[in-house]
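A structural walkthrough
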Amino acid sequence: MRILLGVGAGIAAYKSALLLRLLTESGHEVRVVPTRASLAFVGTATWEALSGRPVTTEVFENVPEVEHVRLGKEADLVVVAPATADLLARAATGRADDLLTAALLTARCPVLLAPAMHTEMWEHPATQANVATLRSRGVHVLEPAVGRLTGADSGAGRLPEPEEIAAAALALVEDPAPQDLAGRRVVVSAGGTREPLDPVRFLGNRSTGRQGYALARAAAARGAHVTLVAANVTLPDPPGVLVVPVETTAELRAGVREHAATADVVVMAAAVADYRPARAAQEKLKKDGSGGLTLDLVQNPDVLAELSRDRLRAGQVVVGFAAETGDATGSVLEHGRAKARRKGADLLVVNAVGGGRGFGEVGNDVVVLAGDGTEVARSTGSKDDVAHGVWDAVVERLA
Ligand code: CTP
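Residues numbered from 1 in each chain as written. Predicted model: local features only at pLDDT ≥ 70, side-chain atom pairs only at ≥ 80, totals over all residues. Heavy atoms only, no water.

In the neighbourhood of the ligand, 13 residues make up the surrounding shell, with Met 268, Ala 270, Leu 304, Lys 339 and Lys 343 lying closest. A distance of 2.8 Å separates an oxygen atom of the ligand from a polar atom in the backbone of Phe 321. A distance of 2.7 Å separates an oxygen atom of the ligand from a polar atom in the side chain of Lys 343. Relative to its unbound accessible surface of 570 Å², the ligand loses 77% to contact with the protein. Of all the cavities here, the one that holds the ligand is the second largest pocket. If you list the elements that add at least two residues to the shell around the ligand, you get helix 11 (303-310), strand 16 (317-324) and helix 12 (332-343). Within the shell around the ligand, the residues separate by chemical class into 7 nonpolar, 1 polar and 5 charged. (Near = heavy atom within 4 Å. Polar contact = N/O pair within 3.5 Å; in protein donor to acceptor, adjacent residues only side chain to side chain. Areas by Shrake-Rupley, 256 points an atom, 1.4 Å probe, with all protein chains shown as cover. 1 Å grid on protein atoms, 1.4 Å probe; cavity = no way out; pocket = protein on both sides within 12 Å on 5 of 7 lines; lining within 4 Å. Sits in = over half its atoms within 2 Å of the grid points. Helix = DSSP H or I, 4+ residues; strand = E, 2+ residues; numbered from the N terminus. Nonpolar A, V, L, I, M, F, W, Y, C, P; charged D, E, K, R; others polar.)

Printed below as a string of C-alpha cells:
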C-alpha cells in the first residue's frame, strides 16, 4: 500500500520518525512530505534515510513529475502527524501553498490527521471550527492525547503515541482480518540464534526477525493468543503478543517447547544455528600467534524435527521454514521437498534466498509444502501478505 506521511512543524515531529518505521515495517511504501517549517525540527536527511525515498516540501520541486497532483492521487492512505493548528487551518480552508496541502486536495483516499499543539491553541474556537469542518468532510481527526507538552506545562494537545496513530491509520484501509484463529494458542519463533564464542563474540546469522514478527502480528489480528520466542530481534514488540526474548539455540528450544506444550500451532520461523562452539571461552579469546584459529563445533538439536516427532500436544500443527538456494544438486523447490520429508513438519514454507532475496527487505515470495513435499499454497507480497498466506494454509490444516 502507498502511504503519504505528512509532517507538520511541531516539536512532536520526532515521534513521526517512529511512526514512519512502524508503517514501513508493516510492509507499506511510505512517501514523507514534511512542511517547510517542520524541517527545523526534523530534517530531510532523516526522512529520506528512514523512508528510502526522496523528500520534497514544495510544489515547485520536481515539476516534470507534477508531484503535487500525483502524490495525493496515488496514495492509498494519507497520515499527517503532527498536524499543527496552522496545518489544520490550511487544510480546512483548502489552501495549497506547499506540497503537503496540495496533496491533501488531490487525495481521494482515507486521510487521518493527528493534531499536536498547546492546549490553548487546540481549544481555541478557530481550531475547533477547523476540526469540525474537516470531520464534516470525512477527514479523520484524532483527539490529541492529554499529558506533558513541550515545556513544563501539560494538558490536551500531545501527539498520540506512534503505535496508536499507526493502528488508527491502518484500520481505515485494511480489511478486518478473519477471526479464524480465535481461541487458538500459537507459538512463533523469530530472529536468529547466536552461539557465544567468548564474552564478546558469537556465531550468528543475518535474520532480522521481520517475517516471524509479521506472522505473530497476523496471528494476533486473526484472534490467536500468540507467544513470540524472539532470538536477537530489535523490532518493536507487536501489540497484544507475549514476547519471550532468547539468545542461543538452547534458550530458543526451551522457550518454544515450554509454550508449545499448550499450543495448537507452532511456527518455526527463526533461523536456528545448526552448530555451536563446543566450549564458550570464559575470557575473551586472544590471538595465539599461530596465524589461525580452529573452532570445535558441536551440532545443536533440530528444534523443528523434535517438535514434529514429539507432538507436544495432540492435533498440533507444526510449521517449518526453509530458506534455500538452488545449487548443483537441486533447485530451491527440490531442496524444499527433501527438507519437508526430512523434518516431518505438517507444513514447510520454502523461500529462495541469496542475491539479496529473503533477508531484511520488505517483499517475500514463498511456496508452502505439505510434509510429503506436495505443494499446498503459494504466497507473494509483503511479509504481512506472506504471513496471512501461511495462516490461511494453517487454518485449512486445523479444520
Ligand atoms: N531449525 C530448527 N533447529 C535447527 C535448525 C533449523 O528448528 N537446529 C528449523 C528452522 O527454524 C526452520 C527449519 O528448521 O523452520 C529449516 O531450517 P534450515 O536451516 O533450512 O534447515 P536445516 O535442518 O539446517 O537444513 P540444512 O541441511 O539445509 O542446513
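Having put the structure on the table, let's press on.
Counting residues in hydrophobic clusters, the biggest one holds 36 residues, and the most contacted among them are Leu 215, Val 265, Trp 391 and Val 394. Looking at this core, the elements with two or more residues in it are strand 8 (185-191), helix 9 (210-221), strand 11 (225-231), strand 13 (265-268), strand 16, strand 17 (347-352), strand 18 (363-370) and helix 13 (383-398). Tallying contributions element by element places helix 13 first for this core, with 8 residues. When near neighbours in sequence (up to four residues on either side) are disregarded, Leu 215 contacts Val 188, Val 267, Ala 269, Phe 321, Ala 387, Val 390 and Trp 391. (Core = buried A, V, L, I, M, F, W, Y, C linked by side-chain atoms within 4.5 Å. Buried < 20%, exposed > 50% of the residue type's maximum accessible area, 1.4 Å probe, protein only. Contact = heavy atoms within 4.5 Å.)

What follows concerns the pattern of salt bridges. Enumeration over the complete set of coordinates arrives at 30 salt bridges. Two residues, Glu 29 and Arg 2, come together in a salt bridge whose shortest N-O distance is 3.4 Å. Taken together, the residues Glu 29 in strand 2 (residues 29-34) and Arg 2 in strand 1 (residues 2-7) connect sequence positions 27 residues apart. The exposure class assigned to Arg 2 is partly exposed, which follows from its relative accessible area of 38%. As a salt-bridge pair, Arg 53 and Glu 29 come within 3.9 Å of each other at their nearest N and O atoms. With a gap of 24 residues between them, Arg 53 in the loop between helix 2 (44-51) and helix 3 (67-74) and Glu 29 in strand 2 connect regions that are remote in the sequence. (Salt bridge = Lys/Arg side-chain N within 4 Å of Asp/Glu carboxyl O.)

The interhelical angle for the contact between helix 1 (residues 13-25) and helix 2, taken along N-to-C directions, is 15 degrees, at an axis separation of 10 Å. Judged on the interaxial angle alone, helix 2 and helix 1 are roughly parallel. With respect to the hand of their crossing, helix 1 and helix 2 are arranged in right-handed fashion. Along the contact surface, helix 1 presents Ala 13, Ser 16, Ala 17, Leu 20, Arg 21 and Thr 24, while helix 2 presents Trp 47, Leu 50 and Ser 51. Within the contact of helix 1 with helix 2, the residues separate by chemical class into 5 nonpolar, 3 polar and 1 charged. (Axes fitted to C-alpha atoms, helices over the stretch in contact; angles between N-to-C directions. Parallel < 35°, antiparallel > 145°, perpendicular 65-115°, else oblique. Left-handed = near helix turned anticlockwise from the far one by under 90°.)

A separate point is empty space enclosed by the protein. Counting across every chain of the model gives 1 cavity of 30 Å³ or more. Lining the largest cavity, in full, are Arg 185, Val 186, Val 187, His 225, Thr 227, His 259, Thr 262 and Ala 263. Looking at the lining of the largest cavity, the elements that each hand over two or more residues are strand 8 and strand 11. In terms of residue count, the dominant contributor to the lining of the largest cavity is strand 8 (3 residues). For the lining of the largest cavity, the class distribution of residues is 3 nonpolar, 4 polar and 1 charged. (Points joined across faces, edges and corners; volume = space filled by probe spheres on them.)

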